[in-house]
Amino acid sequence: MPVSGRLVGRGPALGIAASALSGALKGSGRVLLVGGEPGIGKTALARAVTEDAWAAGAQVVWSACPPMGAPAYWPWTQVVRELATHCPVPAAAERLLGLAGHATDPDDATARFELHDAVSRLLADAARLTPVLMVIDDLQWADKGSLDLLDDVARGLGGRAVLLLGTYRDLEAPEALDRVVTTVDGITLGGLDDEAVLGLITSITGTAPALEDASALRDRTGGNPLFVREIARLIVASSTSASAAPLPATVAETLRRRLGALGEDCRELLAVVAVADTGDAALLASVAGIAETAAGRLLSDAATARVLHDPSTLGVSDSRPFVHDLYREAVLADLEPARRRALEGAVGHALAHRGDAAASRVARHLVASLPDGDGEAVGSWVVRAAEEATAALAHEEAVRWYRTVRSPDAGPELLIALGEAELRAGDPEAATTFRAAADAAQAVGDGHRLASAALGLHRIGARGDHDELLALLDSAIAAVPLGSAERARLLAAVARDRRHSRWSAADCRAPAEEAVAEAREYGDPRLVAECLLALHDALWEPGTAEARLPVVEQIAAAAADAGDAELVATATVLRAACRITLNDPRGVADLATYCLLAEALGHARGRWEALSRRATLALITGAVDDAARLAAEAQELGTRIGIPDAIGVNGTLTWPLSQFTGTRGQLVDQWRDIDLLPLRGAFLAAGARAAGDHDEARRHALTVDLGAIENSTDLEFPALAAEALVAAGATPTARASYDSLLLHAGTNVLVGGCASYWGPVDLFLGQLAVGLGDPAGAARHLRAAEQMATTLGAPLWAEYAGRLLRELDQDGDRPRLSRDGGVWTVRWAGDEAHVPDSKGVRDLAQLLDNPGREIAATELMSGRPAAGADPVLDDRAKAAYRRRLDDLDAEIDDATLDNDLGRVERAQDERDALIAMLTSAVGLGGRDRRLGDDAERARKAVSARIRDAIGRIAEVHPELGRHLADTVRTGNACCYQSVVR
């Protein structure tokens with residue numbers, strides 16, 4: 001549809017706007033941003049679109065951004081206010097109307113997400129009734145929160161009948177607006193050309209000037225429509241020609257001429273209008289000291305002169321009063337600084353006296369009155385403005401306000417408020433500010449604020465230096481009264497920080513228990529629940545689930561007494577974690593209950609908790625597809641709303657899940673280059689096992705260091721290490737892993753607060769026992785794991801344990817292959833199948849007939865040893881290796897006598913690595929293995945054809961295919977290992 005064609009020289013821009021409006025009316029929503037310098041015609045273009053939107057029956061919502069002092073989200077407040085007259089406003093958006101009060105939890109970073117989501121839903125609801133054109137004028141002055149909201153809303157307009165049209169000064173756009181501009185459609189308006197300037201002058205003066213005069217004026221004005229228009233009006237007023245009209249040195253001079261035509265009283269009032277930036281006659285009269293009727297008459301005079309808008313035609317009372325902001329800038333430029341400061345103070349106090357103005361608006365004027373204004377009043381209103389911004393979740397605005405009045409000698413109260421705002425805004429300066437607050441509090445002996453500063457730093461978390469934070473917490477404890485809520489919270493913080501600093505369990509429990517005692521004495525059930533949580537965390541380590549359960553029940557009782565739904569939900573998931581760890585099936589029901597409670601909390605983090613824990617529930621109960629879908633949805637939501645653990649939780653969910661989806665190798669490839677990945681070698685070993693590359697798996701398994709996972713709060717990483725060490729065989733590290741996990745036999749591997757389930761500990765013990773050469777012990781563990789999983793209601797894990805157990809039992813009845821012409825018959829576990837003849841099947845038959853024996857790939861390839869090329873190791877190198885082996889044998893003997901298991905393990909690992917090197921360099925009968933010879937070609941060819949044969953067998957005998965994939969090792973030497981390793 002065509003957009004109104006009354007604009008001169010804007011054909012291409014009008015065409016783009018027409019297309020955008022037409023698409024929106026048909027349900028294809030979009031954002032169109034119009035940029036350019038002041039006076040270039042951005043707002044005029046928006047008005048043209050507005051006219052045609054009205055004509056098409058669309059709902060038009062217009063808002064504008066003032067240059068400063070407006071409350072956070074002001075343009076969106078205007079939008080929601082207008083839309084609220086047509087459809088219900090979601091609860092989270094009510095804060096924009098001042099209906100929701102202060103945010104109940106300003107630290108909750110997800111509240112912004114909920115606000116954004118609510119506004120998007122409100123737009124969608126409105127668009128379902130009738131197409132919507134939403135105009136936001138002067139976006140360059142929008143606060144960051146409004147721009148972030150614009151960015152989010154823009155992403156969801158695709159299927160909605162909404163056109164969001166914004167205007168902005170491109171050279172004044174802040175960084176946040178620049179980011180939005182790069183992601184949406186845009187028009188940048190430039191100056192008019194000669195023909196357009198001629199047409200504009202003609203429309204104003206009624207007479208067409210010579211084209212050369214229009215061209216000269218175009219050159220001198222840059223084609224800015226406002227400048228051209230103002231000069232054309234000057235031409236009419238002074239009866240000069242277009243070419244002879246003097247152009248002022250600045251645009252302000254042109255505007256001053258028009259302003260000079262007004263009476264002195266009117267100009268005096270315009271100074272107040274410019275400072276107050278409003279057309280509110282009552283307020284202006286109060287500041288100017290004149291009657292409201294007199295103020296109204298003067299405002300009408302200015303409107304008649306087209307300096308101000310006609311108040312009767314303003315859409316809302318807070319609309320910008322000047323026809324163009326350049327008038328305001330010109331008026332302000334002519335004010336003496338002292339006069340400007342006096343007016344700013346008068347406006348601020350008048351607004352404060354009225355009692356209905358936003359604190360930010362009052363504070364902006366009072367700050368501008370300094371240094372002449374009342375410093376104490378300024379500070380008070382700035383704090384109120386910051387609190388107002390915090391309630392609106394505009395934390396960056398709160399930081400800006402607090403920093404406005406921060407001075408080198410600022411007191412601890414202001415510094416703590418600033419630190420809290422910085423913390424909510426994610427500003428890294430928060431730690432520095434809290435330290436400054438602590439210093440200021442200590443300097444004046446203010447224990448209360450010292451405690452607040454210390455707790456602020458605790459919430460941030462020490463960056464590697466817990467000692468400094470613990471010392472500050474201790475100082476704060478000494479400065480607050482016994483039995484106070486602050487002291488209890490400080491003691492709880494000490495317990496947590498000691499836990500992170502790897503203090504002993506007793507040293508962590510002591511302050512937590514003291515915190516609980518003082519909280520009980522204080523009598524606040526919510527405080528009791530918080531301190532009990534610290535005690536729970538101090539107790540949390542493998543093997544403590546039974547001891548933690550009574551603490552969890554106390555948390556639940558205190559939370560219920562406090563009526564705190566979030567703490568009740570937390571107690572429920574902690575109870576589920578303890579019970580599932582102990583293989584109590586009631587824990588699975590607890591987890592399902594927690595998911596409902598978390599969802600009912602009504603905030604985005606609760607939705608993330610519910611999604612991620614539902615994924616764990618699906619993993620336990622065997623709903624593989626649901627678990628994968630829920631895990632992905634949880635990561636997407638958690639990343640979007642800034643949950644620090646979102647990626648980690650997804651990782652710990654997808655790792656055990658990959659065992660049943662066949663995606664473990666892909667997962668390892670994705671994580672391979674993550675430098676900070678704990679137990680990197682264990683992941684790589686497990687990936688190699690999944691791919692059937694047992695040599696590679698063993699190589700990585702030998703790098704696993706159990707010392708890197710000491711003091712784990714759960715068994716996630718010990719289980720991962722065990723999974724990798726299965727490939728290592730009977731090494732001291734594998735034995736240490738087995739002995740460590742044996743302490744937890746009969747329990748489950750549960751990660752954190754039900755973030756993931758990895759199966760029974762006995763499942764890992766059984767696999768380790770196989771590698772350690774203890775088939776009887778392996779069978780015992782695997783039977784226990786199968787029974788545990790069945791009792792818990794974890795069918796996938798029961799099936800997995802049962803399969804490993806059957807493979808172990810069938811070792812005595814190993815697979816048999818017999819050939820009849822071109823067909824091989826495969827027999828195992830009472831089942832029979834047939835596969836066509838191939839070299840790979842012949843290789844398998846030879847390996848199955850020689851269980852446990854390593855057969856060189858060259859022998860399988862040709863039946864004869866290889867020759868040619870240089871040896872991998874010369875005689876001198878082999879002699880050096882053998883001398884080192886003798887030294888290591890002596891070292892192992894000495895360390896064994898000294899009962900130094902650490903020395904034994906290190907020496908044994910080095911010995912195993914050297915033997916592996918010699919094995920790879922020496923062939924059958926001690927003959928040198930040679931570089932670049934047939935051996936490498938044989939390794940590749942034989943490995944490939946054996947894997948192909950196993951795949952063919954798996955198609956007709958799936959269980960045997962899995963067995964062979966786990967038990968046949970390929971490489972330079974190939975072997976059927978008979979049992980899973």
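You'll find the structure just up there.
Here goes a summary of the coordinates provided. (Residues numbered from 1 in each chain as written. Predicted model: local features only at pLDDT ≥ 70, side-chain atom pairs only at ≥ 80, totals over all residues. Heavy atoms only, no water.)

1. Some points on the overall build of the protein chain
On a plain count of helices and strands, the protein chain comes out with 45 helices and 13 strands. A total of 981 residues make up the protein chain; the buried ones form 52% of that total. Taken as a whole, the protein chain presents about 42100 Å² of accessible surface, with 51% of it coming from carbon and sulfur. (Helix = DSSP H or I, 4+ residues; strand = E, 2+ residues; numbered from the N terminus. Buried < 20%, exposed > 50% of the residue type's maximum accessible area, 1.4 Å probe, protein only. Areas by Shrake-Rupley, 256 points an atom, 1.4 Å probe, with all protein chains shown as cover.)

2. Some points on the sheet that holds strand β10 (residues 831-836)
If you trace the 3 strands from one edge of the open sheet to the other, you get β8-β9-β10, paired in antiparallel fashion. Bordering the open sheet on either side are β8 (816-820) and β10, each of which pairs with just one other strand. In this sheet, neighbouring strand axes are inclined to one another by 25 degrees on average, regardless of whether the strands run parallel or antiparallel. Summarising the sheet, strand β9 (residues 823-828) and β10 pair through 6 bridges and their orientation is antiparallel. (Pairing = 2+ DSSP bridges. Axes fitted to C-alpha atoms, helices over the stretch in contact; angles between N-to-C directions.)

3. Describing the pattern of salt bridges
Going through the model one piece at a time under the given rule, you end up with 44 salt bridges. A salt bridge links R169 to E172, with the shortest nitrogen-to-oxygen separation between them at 3.2 Å. By relative accessible area, R169 is classed as buried at 5%. As a salt-bridge pair, E413 and R449 come within 3.6 Å of each other at their nearest N and O atoms. With a gap of 36 residues between them, E413 in helix α19 (residues 412-425) and R449 in helix α21 (residues 447-460) connect regions that are remote in the sequence. Since its relative accessible area comes to 24%, R449 is described here as partly exposed. Through salt bridges that share partners, R112, K144, D148 and E396 make up one connected network. (Salt bridge = Lys/Arg side-chain N within 4 Å of Asp/Glu carboxyl O.)

4. Notes on the packing of aromatic side chains
Any aromatic ring pair is given by two values, namely how distant the centres are and how the planes are angled relative to each other. Across all of its chains, the model carries 4 aromatic pairs by this definition. Taking 4.9 Å as the distance between ring centres and 85 degrees as the angle between the ring planes, the aromatic pair formed by F660 and W797 counts as edge-to-face. A residue pair is termed long-range when its members are at least 10 positions apart, and F660 in helix α31 (residues 646-661) and W797 in helix α39 (residues 795-809) qualify at 137 residues. On the accessibility criterion, W797 (2% relative accessible area) is buried. Arranged with centres 6.4 Å apart and planes meeting at 85 degrees, the rings of F660 and Y800 form a pair that is edge-to-face. Residue F660 is located in helix α31, and its partner Y800 is located in helix α39; the two are separated by 140 residues in the primary sequence. Among the aromatic side chains, those forming a connected cluster through ring pairs are F660, Y757, W797 and Y800. Directly above the aromatic system of W381 lies the positively charged group of R384, at a separation of 3.7 Å from the ring centroid. The residue whose ring lies beneath R400 is W401, and the NZ or CZ to ring-centre distance is 4.6 Å. (Phe/Tyr/Trp six-rings, centres within 6.5 Å; stacked < 30°, edge-to-face > 60°. Lys NZ or Arg CZ within 6 Å of the ring centre and 35° of its normal.)

5. Remarks on the nonpolar core
A general feature of soluble globular proteins is that nonpolar side chains tend to end up buried together. Of all hydrophobic cores here, the largest spans 245 residues; its most connected members are W76, L139, L164, L270, L490, I580 and W655. If you tally residues by element for this core, the top one is helix α25 (residues 525-539), at 10 residues. By size, the runner-up hydrophobic cluster in this structure holds 24 residues, among which are V841, A949, I950 and C974. (Core = buried A, V, L, I, M, F, W, Y, C linked by side-chain atoms within 4.5 Å.)

6. Here we look at the pairing of β8
In summary, the side chains of a regular strand alternate between the two faces of the sheet. Here 5 bridges tie β8 to β9, and the two strands are oriented antiparallel to one another. When the bridges of β9 are listed, R816 appears paired with R827. Two successive antiparallel strands, β8 and β9, enclose a turn made up of 2 residues, where G821 displays a positive phi of approximately 70 degrees.

7. Overview of unusual backbone geometry
Between L370 and the following residue, P371, the backbone shows a cis peptide bond with an omega angle of 5 degrees. With respect to the element layout, P371 can be found in the loop between α16 (359-368) and α17 (375-391). Even without glycine at this site, R306 takes up a positive phi of about 60 degrees. Structurally, R306 is set in the loop between α13 (292-304) and α14 (325-333). In this structure R306 comes out as partly exposed when scored by relative accessible area, which is 48%. At C754, a residue that is not glycine, the phi angle is positive and equals roughly 65 degrees. Tracing the backbone through its elements, the reader meets C754 in the loop between β6 (748-751) and β7 (756-760). What makes C754 buried here is its relative accessible area of 0%.

8. Some words on the packing of α19 against α21
Packing of α19 against α21 leaves a shortest axis separation of 10 Å and a crossing angle of 15 degrees. On the basis of their axis angle, the class for α19 and α21 is roughly parallel. Read as a crossing pair, α19 and α21 show a hand that is left-handed. Between α19, through P412, E413, I416, E420 and L423, and α21, the contact on the second element is made entirely by R449, S452, A453, G456, R459 and I460. (Parallel < 35°, antiparallel > 145°, perpendicular 65-115°, else oblique. Left-handed = near helix turned anticlockwise from the far one by under 90°. Contact = heavy atoms within 4.5 Å.)

9. A closer look at the environment of L164
Inspection of the secondary structure assignment puts L164 in strand β4 (residues 162-169). As a C-alpha pair, L164 and I136 span 28 residues in sequence and 7.8 Å in three-dimensional space. Excluding its chain neighbours within four sequence positions, the residues that come into contact with L164 are R30, V31, L32, W76, M134, I136, L150, V153 and L157.

10. Digging into the sheet that holds strand β11 (residues 855-856)
Spatially, the 3 strands line up as an open sheet ordered β11-β13-β12, and their pairing is antiparallel. Both outer strands of the open sheet, β11 and β12 (968-969), are each paired with one neighbouring strand and no more. Across 2 bridges, the pairing between β12 and strand β13 (residues 973-976) is antiparallel. The residue of β13 that forms the bridge with R969 is C975. Sitting on the sheet, helix α40 (residues 839-848) is in contact with β11, β12 and β13, with an inclination near 65 degrees to β13.

11. So, helix α4 (residues 110-129)
The end-to-end C-alpha distance of α4, which contains 20 residues, comes to 29 Å, matching closely the 28 Å that a straight helix rising 1.5 Å per residue would cover. Within α4, 15 of the 20 residues are buried, leaving the element largely enclosed by the surrounding structure. (Expected span 1.5 Å × (residues − 1).)

12. Considering the environment of T188
Relative to the assigned elements, T188 resides in strand β5 (residues 185-188). Using a relative accessible area of 55% as the deciding quantity, one classes T188 as exposed. Between the C-alpha atom of T188 and that of E37, which follows or precedes it by 151 residues, the distance is 9.1 Å. Residues within four places of T188 in sequence aside, it is in contact with G35 and D170.

13. Points about the environment of L129
In this fold, L129 is placed in helix α4. In the structure, L129 is positioned 43 residues away from H86 in sequence and 8.6 Å away in space, judged by C-alpha atoms. Look past the residues within four positions of L129 in its chain and what remains in contact with it is H86 and C87.

14. Overview of the packing of helix α11 (residues 264-276) against α13
Packing of α11 against α13 brings their axes to within 9 Å, and their N-to-C directions diverge by 95 degrees. Classified by the angle between their axes, α11 and α13 sit roughly perpendicular to one another. Along its contact with α11, which presents D265, C266, L269, L270 and V273, the element α13 presents A295, L298, L299, D301 and A302. Its residues assigned to classes, the contact of α11 with α13 shows 8 nonpolar, no polar and 2 charged. (Nonpolar A, V, L, I, M, F, W, Y, C, P; charged D, E, K, R; others polar.)

15. Here we look at helix α3 (residues 74-83)
Taken across its 10 residues, α3 has 8 buried, putting it largely inside the fold. Along α3, the positions that sit buried rather than exposed are W74, P75, W76, T77, Q78, V79, V80 and L83. Looking at the buried positions of α3, the neighbouring elements they touch are β2 (59-64), α4, β3 (132-137), α5 (144-155) and β4.

16. Let's talk about the state of the cysteines
Per the counting criterion, the structure on display carries 0 disulfides. Free of any disulfide, C595 has its nearest neighbouring cysteine sulfur in C754, separated by 8.7 Å. The class of C595 is buried, set by a relative accessible area of 1%. (Disulfide = S-S within 2.5 Å.)

17. Examining the pairing of β2
Burial within β2 is extensive, with 5 of its 6 residues counted as buried. Judged from the 6 bridges that link them, β2 and β3 form a sheet pairing that is parallel. Bridge pairing in β3 links A64 to D137.

Geometric descriptors of this kind do not, in isolation, establish any biological role.
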